[in-house]
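Residues per chain are reported as follows:
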Amino acid sequence: MENIKIEASDRSPEVDFDFDKNVYALRGESYPEDVTAFFGPVIGKLEERLGSLKGAEVQFDFELVYFNSSSAKVLMGLFDMLDETAAEGNAVVINWIYDEEDDNMEELGEEFAEDLENVQFVMKKMAPS
Amino acid sequence: MAFEIFHKEEAAIEEAKSVLGSGEITDPKAAKHYGTLLKAYEKLFKSTKRLVRLSDRNEAELNKVAHSLDEKNHLLEGLSTKLSKYLSPQIYASIFSGEREVALETKRKKLTIFFSDIKNFTATTDDLEPEDITFLINDYLTEMSAIALKHGATIDKFIGDAVVIFFGDPETKGVQEDALACVGMAIEMQRHMMDLRAKWTEMGYSRPFQMRVGINTGYCNVGNFGSEERMDYTIIGGEVNLAARLEGVADPDGITMSYETYALVKDYVDAEKGEPITVKGIHRKINPYKLIGIFKNVDEKSRYFRSENDGMKLFLDFGKLDEDTRPNAIDQMEAAIERLRGEETK
């Protein structure tokens, strides 16, 4: 499967999906005009890949500074997908990377973590720029 | 019980759980579907709660940003208001409206230039304390600036007690109108100086200022001069020097114009031709025109009436004497006149 690398724009995050290494990342701000058009294709491919894994190690970095409600719904879907992948015998690590001064993003990470049963959810403070 | 926005949804979930747990649904297939549906509903409910919270947080964050932007705008507004005091209002307006580029650009335009200073400023202020000089010069420049702005002038700069003003840029009403506005302004300034002198004398300043004015009309380079880091919106050229030179030959309380200005305003004011002068950088002989009748009929319009002789000092401020205080002033003056007449017949 071909890796996906989409540069960040004003409204959409950087997408860095390395299917060979099973290392995935979303970075930046997320409030695309059309959430479905932006996330639909990349999540479709991710779902396909994750569904095929057995006993693999998966890492997903979320390094977001802002996202809107539609993007939040996408994220929750992603977390479910990753949790299911972990439930199927894969070692999944989610890194929730946030600005140390952004209490909002920290709390969001903690809330998302509450629902997940099988993944290892790691809260990480972003290195100061 | 505290108000809960999701009270109904929570109650529905509890009820569904209790139905599922009670064994009311006897068909195992139906119970399984019911359980799946309940789980999906619970998840959806959780997502909804989370999204509502996220939306509220984002809104709060947005409000915080908007508030901080308001504060910054307010701060910038305050700063720009303060900075505006260092610029002529027209220049400030044209820069802030985006009409004018802040760049080292100049153009050639026909302007009417006004140049004034205080006669013997140094000697006049020699025995004054710095605080008094500051008060006098600020009072003088404040009053003159107000008149200049009223006439639509561009105040170029203050150089100590000297004032450089021009008409014709950035706004112009035409060369003749600009010249008329400049001369009209100069007349009003000289007339107002009478009031100021009366005020200053009353305040105890024994040698109040006398202003001299030179006016010239001609082509100048106008625009931003200096460096990219520090520039001045000003005028340069031989015609500017000529205005300064005309000021130098003007009488105290007088206004002297070049022929170029006089030619534009001669239908409206009277002037007498003075001795020709030479000005460095200008090859032609310059004929100065001294404006006459500056103070014609001025007494009726002046705010102050002041007269001082040995044994008599009279000062009236018509700005303060209103219909309540005027009759008393009249009574006192009539009493004074009566006594003066009585003394005469003794």
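About the cut-offs
- Counting starts from 1 at the beginning of each chain's written sequence and moves along it residue by residue.
- A letter from A marks each chain and a number from 1 marks each ligand, given out in the order of writing.
- With pLDDT at 70 or above as the cut-off, local features in this predicted model cover only qualifying residues; side-chain atom pairs require 80 or more to be listed or tallied, and sums for whole chains, interfaces and linings still use all residues.
- The secondary structure listing takes helices from DSSP runs of H or I that are at least 4 residues long and strands from runs of E that are at least 2 residues long, numbered from the N terminus.
- Burial is judged by counting the other C-beta atoms within 10 Å of a residue's own C-beta: 20 or more makes it buried, 12 or fewer makes it exposed, and any count in between marks it as partly exposed, with every C-beta position built from the backbone.
- By the criterion used throughout, residues are in contact when their C-beta atoms, derived from the backbone, lie within 7 Å.
- Lines fitted to C-alpha atoms define the axes here, with helix axes fitted over just the stretch in contact, and angles between the N-to-C directions of these axes take values from 0 to 180 degrees.
- Rotating anticlockwise by less than a right angle from the far helix to the near helix defines a left-handed crossing, while the corresponding clockwise rotation defines a right-handed one.
- Residues are grouped as follows: nonpolar covers Ala, Val, Leu, Ile, Met, Phe, Trp, Tyr, Cys and Pro; charged covers Asp, Glu, Lys and Arg; every other residue, Gly included, is treated as polar.
- Any angle from 65 to 115 degrees is called roughly perpendicular, while one under 35 is roughly parallel, one over 145 is roughly antiparallel, and all others are oblique.
- DSSP bridges decide pairing: two strands pair if at least two such bridges lie between them.
- The arc under discussion is defined with respect to the helix axis, by the directions toward the C-beta atoms.
- Expected helix span is taken as 1.5 Å per residue step, with the number of steps being one fewer than the number of residues.
- Nonpolar cores are built from buried Ala, Val, Leu, Ile, Met, Phe, Trp, Tyr and Cys residues. These are joined into a set through C-beta atoms within 7 Å.
- Crossover handedness is defined by viewing with both strands directed away from the observer: a clockwise path from the first strand over the helix to the second marks the crossover as right-handed.

A.B. asks: Quick question: what am I supposed to make of the overall build of chain B here?
C.D. replies: A tally of helices and strands in chain B yields 10 helices and 12 strands. Relative to its 346 residues, chain B shows a buried fraction of 24%. In chain B, of all internal contacts separated by at least 6 residues, the share reaching a separation of at least 24 is 67%.

A.B. asks: Can you walk me through the packing of helix 2 (residues 69-87) of chain A against helix 2 (residues 28-84) of chain B in this structure?
C.D. replies: Closest axis-to-axis distance for the helix 2 of chain A/helix 2 of chain B pair is 10 Å, and the angle between their directions is 140°. The two elements helix 2 of chain A and helix 2 of chain B meet at a crossing, and its hand is right-handed. Here A:Ser69, A:Ala72, A:Lys73 and A:Met76 of helix 2 of chain A lie close against helix 2 of chain B, whose contacting residues are B:Ser47, B:Arg50, B:Leu51, B:Leu54 and B:Ser55. Looking at the contact of helix 2 of chain A with helix 2 of chain B residue by residue, the class counts come to four nonpolar, three polar and two charged.

A.B. asks: It is not clear to me how unusual backbone geometry should be interpreted in this structure. Could you clarify?
C.D. replies: Of all residues except glycine, most have a negative phi; of all peptide bonds, most are trans. Residues and elements named next belong to chain B. Note that the residue after Asp169, namely Pro170, is joined by a cis bond; omega there is 0°. Along the chain, Pro170 falls in the loop between strand 3 (162-167) and helix 6 (175-202). Residues other than glycine seldom take positive phi values, yet Asn120 does so here, at roughly 50°. Locating Asn120 in the fold gives a position in the loop between strand 1 (106-118) and helix 4 (121-125).

A.B. asks: Just to check I follow, could you spell out the packing of helix 1 (residues 7-22) of chain B against helix 2 of chain B for this structure?
C.D. replies: When two helices pack together, you describe them by how their axes are tilted relative to each other and by the distance separating the axes. Residue and element names in this part refer to chain B. Interhelical geometry of helix 1 versus helix 2 gives an angle of 160° and a closest axis separation of 11 Å. Comparing their axes, helix 2 and helix 1 come out roughly antiparallel. For helix 1 against helix 2, the interelement crossing comes out left-handed. Side by side, helix 1 and helix 2 meet where Glu9, Ile13, Ala16, Lys17 and Leu20 of the first sit next to Ala31, Tyr34, Gly35, Leu38, Tyr41, Glu42 and Phe45 of the second. For the contact of helix 1 with helix 2, a count of residues per class yields eight nonpolar, one polar and three charged.

A.B. asks: What's the story with the pairing of strand 2 (residues 154-159) of chain B in this structure? I'm lost.
C.D. replies: Residues and elements named next belong to chain B. Sheet analysis places strand 2 next to strand 3, joined by five bridges and oriented antiparallel. Bridging across to strand 3, Phe158 finds its partner in Val163. Where strand 2 folds back on strand 3, the antiparallel hairpin that results is connected by two residues, among which Gly160 adopts a positive phi of roughly 60°.

A.B. asks: What am I meant to see in helix 3 (residues 103-115) of chain A here?
C.D. replies: In an α-helix there are 3.6 residues to a turn, and that puts residues three or four apart on one side. Regarding helix 3 of chain A, the residues found buried are A:Met105, A:Leu108 and A:Gly109. Buried residues of helix 3 of chain A fall within an arc of 100° about the axis and therefore sit on the same side. Turned more than 90 degrees away from the buried face of helix 3 of chain A, the exposed residues are A:Asp103, A:Glu110 and A:Glu114. The secondary structure elements touched by the buried residues of helix 3 of chain A are strand 4 (57-67), strand 5 (91-98) and strand 6 (120-125) of chain A together with helix 2 of chain B.

A.B. asks: Quick question: what am I supposed to make of the sheet that holds strand 6 of chain A here?
C.D. replies: The pairing of strands in a sheet happens through backbone hydrogen bonds and is either parallel or antiparallel. Residues and elements named next belong to chain A. If you trace the six strands from one edge of the open sheet to the other, you get 1-2-3-4-5-6, paired in mixed fashion. Edge strands, defined here as strands with exactly one partner in the open sheet, are strand 1 (4-6) and strand 6. Averaged over all neighbouring strand pairs, the angle between strand axes comes to 15°, with direction disregarded. With eight bridges joining them, strand 3 (residues 23-30) and strand 4 adopt parallel strand pairing. Bridge pairing links Arg27 to Glu63 in strand 4. Sitting on the sheet, helix 3 is in contact with strand 4, strand 5 and strand 6, with an inclination near 160° to strand 5.

A.B. asks: Before we go on, may I ask you to explain helix 7 (residues 238-249) of chain B in this structure?
C.D. replies: Spanning 12 residues, helix 7 of chain B covers 17 Å between terminal C-alpha atoms, matching the ideal 16 Å at 1.5 Å per step. Summarising the contacts, the buried residues of helix 7 of chain B are in contact with strand 1, strand 4 (211-226), strand 5 (231-236), strand 6 (255-257), strand 8 (277-279) and strand 9 (282-286) of chain B.

A.B. asks: Just to check I follow, could you spell out the nonpolar core for this structure?
C.D. replies: One broad rule of soluble globular proteins: the nonpolar side chains tend to lie buried together. Counting 50 residues, the largest nonpolar core has B:Ile113, B:Phe114, B:Cys182, B:Ala186, B:Ile215 and B:Ile255 as the members making the most contacts within it. Among all residues touching B:Ile215, those that are not within four sequence positions of it are B:Thr112, B:Ile113, B:Phe114, B:Cys182, B:Val183, B:Ala186, B:Ala243, B:Leu246, B:Ile255, B:Met257 and B:Thr261. Among the nonpolar cores identified, the runner-up in size contains 28 residues, and A:Val15, A:Phe38, A:Ile94 and B:Leu54 belong to it.

A.B. asks: Sorry, what's going on with the interface of chain A and chain B here?
C.D. replies: By convention, interface size is frequently given as the accessible area that disappears when the constituent parts associate. Taken together, the contact between chain A and chain B spans nine residues of the former and nine residues of the latter. Sorting the residues of the side of chain A that touches chain B by element identifies helix 2 and helix 3 of chain A as the ones contributing at least two each. Class assignment for the residues of the side of chain A that touches chain B results in three nonpolar, three polar and three charged.

A.B. asks: Please explain the pairing of strand 6 of chain A as it appears in this structure.
C.D. replies: For a regular strand, the rule is simple: side chains alternate between the two faces of the sheet. Residue and element names in this part refer to chain A. Relative to strand 6, strand 5 runs parallel, the two being bridged by six bridges. Counted as the bridge partner of Ile97 is Lys124 from strand 6. Tracing the backbone out of strand 5, into helix 3 and back to the parallel element strand 6 gives a crossover that is right-handed.

A.B. asks: I'm lost on the environment of B:Gly254 in this one. Help?
C.D. replies: All names here are of chain B. With respect to the secondary-structure elements, Gly254 resides in the loop between helix 7 and strand 6. In sequence terms Gly254 and Gln210 are 44 residues apart; their C-alpha atoms lie 9.0 Å from each other. Among residues more than four places away in sequence, those in contact with Gly254 are Arg212, Val213 and Lys290.

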